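What the coordinates show
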Amino acid sequence: MINFILFIVAYLLYLPLSLWNFCLVEDKKGYFRSSAITIDKLANREFRTLWNKKLRIEFGYKFGAENETISSALGKNQRNGTLTKTGNRLVKVLDFFDKNHCFNSINDQI
């Protein structure tokens, strides 16, 4: 039970602490983009079971590599033709906001 309480506390503190930190940072350029990428990488790793079951076919590129974004893994599956219908829909949504977002996000250094 204590671990669940710690999880909730950490989750609830993240946003207010991020905003407070933003107020204290001198060079604010890119702050929120950098934070978004950090959260994206965490979500790729943390929710890998969900992404692997719902966004790719059985033998597609696996989500969950440390230091890789969800968009990079989506892009690799898009390139390889191994996305599910749900995965393709998510790519289309992301591409609506940023043309070729997932394909351009591919990080082959992982």
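The structure reproduced in this document is the subject of the present report. Remember, predicted model here, so these are calculated numbers, not experimental data. (Residues numbered from 1 in each chain as written. Predicted model: local features only at pLDDT ≥ 70, side-chain atom pairs only at ≥ 80, totals over all residues. Heavy atoms only, no water.)

1. Regarding the layout of surface pockets
Estimates place the volume of the largest pocket at around 420 Å³. In terms of lining, the largest pocket is formed by F7, A10, Y11, Y14, T38, I39, L42, A43, E46 and F47. For the lining of the largest pocket, the secondary structure elements donating two or more residues are α1 (2–24) and α2 (31–46). The leading source of residues in the lining of the largest pocket is α2, at five residues. If you add up the space inside the second largest pocket, you get close to 260 Å³. Elements that contribute at least two residues to the lining of the second largest pocket include exactly α2 and α4 (70–80). Among the elements that make up the lining of the second largest pocket, the one with the highest residue count is α2 (five residues). Of the residues belonging to the lining of the second largest pocket, the class tally is two nonpolar, seven polar and four charged. (1 Å grid on protein atoms, 1.4 Å probe; cavity = no way out; pocket = protein on both sides within 12 Å on 5 of 7 lines; lining within 4 Å. Points joined across faces, edges and corners; volume = space filled by probe spheres on them. Helix = DSSP H or I, 4+ residues; strand = E, 2+ residues; numbered from the N terminus. Nonpolar A, V, L, I, M, F, W, Y, C, P; charged D, E, K, R; others polar.)

2. Re the nonpolar core
Counting 10 residues, the largest nonpolar core consists of A43, W51, L55, F63, I70, A73, L74, L83, V91 and C102. Sequence-distant contacts of L74, that is, excluding residues within four places in its chain, are made with L55, F63, L83, G87, L90, V91, L94 and C102. (Core = buried A, V, L, I, M, F, W, Y, C linked by side-chain atoms within 4.5 Å. Buried < 20%, exposed > 50% of the residue type's maximum accessible area, 1.4 Å probe, protein only. Contact = heavy atoms within 4.5 Å.)

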